[in-house]
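# Residue-level structure breakdown
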Amino acid sequence: MIKSYFTISLRNLAKRKAYTVLNVLGLTIGVACCLLIFQYVSRERNYDTFEKNSGQIVRLRIDQYKQGKLEWQSATVYPAIAPTLKKEFPEVENTCRLLNDGMLLSNDARNIKFNETKGDYADPSTIGMLGFDLVRGSDATALAKPFEMIISESMAKKYFGTDDVIGRTLTERYDHGSRAYQVSGVFKDYPATSHLVVSYLVSYATLVQTLTQGGDKTDVANTGWGWYDFYEYIQLRPGTNIQAFQAKLPAFADKHINSNQWLKANHVKNWIYIMPLHDLHLYSNYNEEAEVNGNGSAVSFMFLIALIIMGIAWINYINLSTARSVERAKEVGVRKVLGAAKFQLIKQFMLENILLNTAAIIIAAVLVYVFTGPFNQLMGNNNISGFAMTGRYWLVFAGIFIGGTLLSGLYPAFVLSGYQPVKVLKGAFKNTAGGLVLRKGLIVLQFSISVILIVGTIIVYQQVNYMRSQKLGANIDQTLVLDGAQSLKDSTYQNTLQSFKEEALKIPGVKGLSASTNVMGQEIYWTNTYHSVEQNAAGASTLYRLGVDYDFIPQFQLTMAAGRNFSKDFPGDKKAAILNEKAAELMGFKDAQDAIGKKITGGDTVTIVGVVKDFHYMGLRKAIDPQMITLRPNTRSAYSVKLETSDLKTTIAALRANWNQYFPNDPFNYSFLDDQFNAQYRSDQQFGEMFTLFAFLAILIACFGLVGLSAYNILQRTKELGIRKVLGASVQNVVFILSKDFLALVAIAFVIAAPVSWLIMNRWLEGYAFRIDISWWVLAVAGLAAFMIAFGTLSVQALKAAGANPVKSLRSE
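## Observations concerning the nonpolar core
Of all hydrophobic cores here, the largest spans 138 residues; its most connected members are Ile81, Leu85, Met520 and Phe694. In terms of residue count, helix 2 (residues 17-44) provides more of this core than any other element does, 15 residues in total. Here methionine 520 is in contact with Leu472, Ala474, Ile476, Phe556, Phe615, His616, Tyr617, Leu673 and Phe677, once residues within four sequence places are set aside. Residues Met129, Leu134, Tyr190 and Val198 belong to the second largest nonpolar core, which totals 24 residues.

## Thoughts on helix 2
For helix 2, with 28 residues, the first-to-last C-alpha span of 40 Å sits near the 40 Å given by 1.5 Å per residue. Of all 28 residues in helix 2, 24 are buried, a share of seventy percent or more.

## Concerning the pairing of strand 1 (residues 57-66)
In terms of burial, strand 1 is largely enclosed, as nine of its ten residues are buried. Of the pairings in the sheet, the one linking strand 1 to strand 12 (residues 231-236) comprises three bridges and is antiparallel in character. When the sheet's bridge partners are listed, isoleucine 57 is paired in strand 12 with glutamine 235. In the sheet, strand 1 pairs with strand 13 (residues 268-276) via nine bridges, with the strands oriented antiparallel. Pairing of valine 58 across the sheet is with proline 276, part of strand 13. In terms of strand pairing, strand 1 meets strand 2 (residues 69-74) through five bridges, oriented antiparallel. What sits directly across from lysine 66, in strand 2, is lysine 69.

## So, the side chain of arginine 545
Summarising the element assignment, arginine 545 is placed in strand 17 (residues 541-548). No salt bridge is formed by the buried arginine 545. Its closest oppositely charged neighbour is aspartate 604, at 4.0 Å. Of the polar contacts made by the side chain of arginine 545, one reaches the side chain of asparagine 528; its length is 3.1 Å. When residues no more than four places from it in sequence are discounted, the contact partners of arginine 545 are Thr517, Ile524, Trp526, Asn528, Tyr530, Asp604, Met628, Thr630 and Arg632.

## Some points on the pairing of strand 4 (residues 103-107)
The side chains of a regular strand alternate between both faces of the sheet. Within strand 4, five of the five residues are buried, which leaves it mostly tucked inside the rest of the structure. Side chains Met103, Leu105 and Asn107 project from strand 4 onto one buried face, and the interleaved Leu104 and Ser106 project onto a second face that is buried too. One ladder, built from five bridges, connects strand 4 with strand 5 (residues 112-116); its direction is antiparallel. Residue pairing for strand 5: serine 106 is matched across the bridge by lysine 113.

Reading guide: rules and limits
Residues numbered from 1 in each chain as written. Predicted model: local features only at pLDDT ≥ 70, side-chain atom pairs only at ≥ 80, totals over all residues. Heavy atoms only, no water. Core = buried A, V, L, I, M, F, W, Y, C linked by side-chain atoms within 4.5 Å. Buried < 20%, exposed > 50% of the residue type's maximum accessible area, 1.4 Å probe, protein only. Helix = DSSP H or I, 4+ residues; strand = E, 2+ residues; numbered from the N terminus. Contact = heavy atoms within 4.5 Å. Expected span 1.5 Å × (residues − 1). Pairing = 2+ DSSP bridges. Lys, Arg positive; Asp, Glu negative; His and termini not counted. Salt bridge = Lys/Arg side-chain N within 4 Å of Asp/Glu carboxyl O. Polar contact = N/O pair within 3.5 Å; in protein donor to acceptor, adjacent residues only side chain to side chain.

Shown next, in the form of structure tokens:
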């Protein structure tokens, strides 16, 4: 019996080739898209799950409020918080702290040196808590002593050519001299699916001893409640309720932080929050994040698109199957007269459905294997192999696929098997009103989704283009950024830097060179709280500090709103500051001019000599921060070189030679500022490209269904069309008659989709500090596009029918 069902199913599918091809093609694209998106979603939602107790680990963060208004939110906290929590709360099983610290490291024996930025001071407990897998050394002792470090396998091979490096030495060079670190462990390269990127860890005892040698007598690295640059993690005991533990933290903050007299006087409150480790990558986007994190909303959106694409493919199957009901009605009638039971017919039609879906998933698997590489390149993930999904997402996909296959097959199977043989064989059968309403409803649903996807595609493109093209208030074009020189001592650095700068400016194509503590797009961690000396300290606000030399402001073409730039003609500028407009407003000045000559005080007291117009230092994703620019002509963090040349290769080679002459112990590392700055938009651009791709494919699948439905509509109206043509109907008349009902459904879909798409995309845009407004024409263009797509799809079939010979359709009458 099963063999008979199988044979009949294959014959039916082979007989109706167009129907089979449309369904398999739609289902294949749907399954392939679903698998590709699920791989992406699986990876993004699988960050930080490799740690042994990841489900029990949370990271601490702080929100600061001033007079009840949120001032800032930080991913870093005070160093005393984690150890104090462990002492006071039995729910806390373990803690660890990280403090990021870049180093100029060298292996003098091999004359190898690099500027390393992906390293941290770390508690010994970090190794076990955060999943560092030591291949050499002991977890218990690797970070126990001062001036010990553990390094990754890649880093070991980079400096030593082998991972057998226990006991060997790496030297750090810095402005006051050098330090030697003994390698006490080597760990497997830290997984890419972590919110951290780590190449090395230095013992926390090193930080404590270094600060003590520098004059710290308070053990600030362990007991400080004011220095908030530490990433801190706590491991909760099994069974601890995270929400209940969070509820205890306000009282803890009041006891240890908000009781500070200065905070009280200034009406400042700090609140501590915890965030599960596995949520950090997608849902933590605060100040001082260790790395640029993902976007949880974008991931959820793509997961929804995967479901939508599969849904559209199954809607096509339901529509085409029920539309063919008249064609297959006589088959059902004859089989029922010959004794076939309803259940047997259901099995027959379900088997056809299963065969179509099976063919689709086999072809889709091949397509996914072929296109996984290009898709991963599109998403910036080049290290994912085909079908790289966790078991959880395989189960989700299997459940969706099996459930969708059964549900999409059951309705047509019950409809077709329920026909009464007497009516069918007498020729009295016709499509039911209920079936027609369902098909129309599903078409409206498909094109409503299509309109929403078109609107989304346009708005995502507009927003990304807006961020990339909007004027920043600063000129970052043709700017080369050099990592600062770290090896020279302060006593010789100033003269050497000046000589390097003078020689660099003689190179053809080099138009300017300035030094600064940070460059555009690089997050500023240097903050202090300031207020006008004319105001009470209660009016103090946090300012983000940028140290620059005399040439920074003119080189980046920042516009002065009032006052002047720093000048060598004014020796007192070492105690001066330039504010941006946002900072001047926060300090309580009436306008930019009112701020000139006034003093503000906080960490120190400075005189305001200028106010620059607000500029988008961090790009258009974030709001403009209040900035204070101070004179630091000898800063060694970064040098910005303004270029004006078509021969970049020669210019950079000349700069390298000049660098090696003055800074022979520092590596020559450079990047282009516009590339570095625009990297912050890369995730938005990738999301836009992926959204556009899958929106196009979803609309394409919807068109497959429309082609099939219009073809069966024409088939049912063949004689009607023949009569109309005999009576003089033109080709245009026939096309209009065949298209009008479908286009009316598209119009209804637009009316439904327009407000829904506006609400969805307006909510998405709320995540940007600077955003576009949704124009009415975007909705109009999306509606017109959907209308033209539908009309173009229908016209192909309609023109073919209009050109047919009416004699052929009427000769049997």
